[in-house]
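Below are the chains, spelled out letter by letter.
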Amino acid sequence: MNPIIETLTGMDGLSDQVVAMDLLISAKSGIRNYAMAVTEAGTPEIKEMLTRHLVEALDMHEQISEYMVEKGWYHAWDTNEQISLDLNNINTALNLPTL
């Protein structure tokens, strides 16, 4: 998003957080899909390949999570703090100007 528009709409800094959260959610979805696929694999070779991809997806999830924790965007171990952050983000989204 354009930095000027981000500032005017109150979204400055929030765009990166939204992209990171979307990436984290996608990583979690991929992990679930790989885990399910591993249990359905028809051959040991396919199971080994899917397991390798699962481990890579878990590593990526960890990197994304750590990045978001460092930025203060993700509080997986503090539910109250995460709820507060989510509510703040909801309020920001609800207060965006309409066109």
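This structure is a prediction, so every number in the text was calculated from the model and none was measured.

How each quantity is defined
- Residues numbered from 1 in each chain as written.
- Predicted model: local features only at pLDDT ≥ 70, side-chain atom pairs only at ≥ 80, totals over all residues.
- Heavy atoms only, no water.
- Helix = DSSP H or I, 4+ residues; strand = E, 2+ residues; numbered from the N terminus.
- Contact = heavy atoms within 4.5 Å.
- Buried < 20%, exposed > 50% of the residue type's maximum accessible area, 1.4 Å probe, protein only.
- Core = buried A, V, L, I, M, F, W, Y, C linked by side-chain atoms within 4.5 Å.

## Notes on the environment of S65
Okay, so step 1: Note that S65 resides in helix α3 (residues 44–71).
Okay, so step 2: A C-alpha to C-alpha distance of 8.9 Å links S65 and M21, two positions 44 residues apart in sequence.
Okay, so step 3: Excluding anything up to four places from it in sequence, S65 contacts L24 and Y74.

## What to know about the environment of L58
Okay, so step 1: By the secondary structure assignment, L58 is in helix α3.
Okay, so step 2: Residue classification places L58 among the partly exposed residues on the basis of a relative accessible area of 40%.
Okay, so step 3: With 30 residues separating them along the chain, L58 and K28 place their C-alpha atoms 8.3 Å apart.

## Focus on the nonpolar core
Okay, so step 1: Within the largest apolar cluster, seven residues are counted, these being A20, L24, A27, I64, M68, W73 and Y74.
Okay, so step 2: The greatest single-element share of this core, amounting to three residues, is contributed by helix α2 (residues 14–40).
Okay, so step 3: When sequence neighbours within four positions are dropped, the list of residues in contact with Y74 reads M21, L24, K28, S65, M68, V69, Q82 and L85.

Geometric values such as these leave the question of function open.
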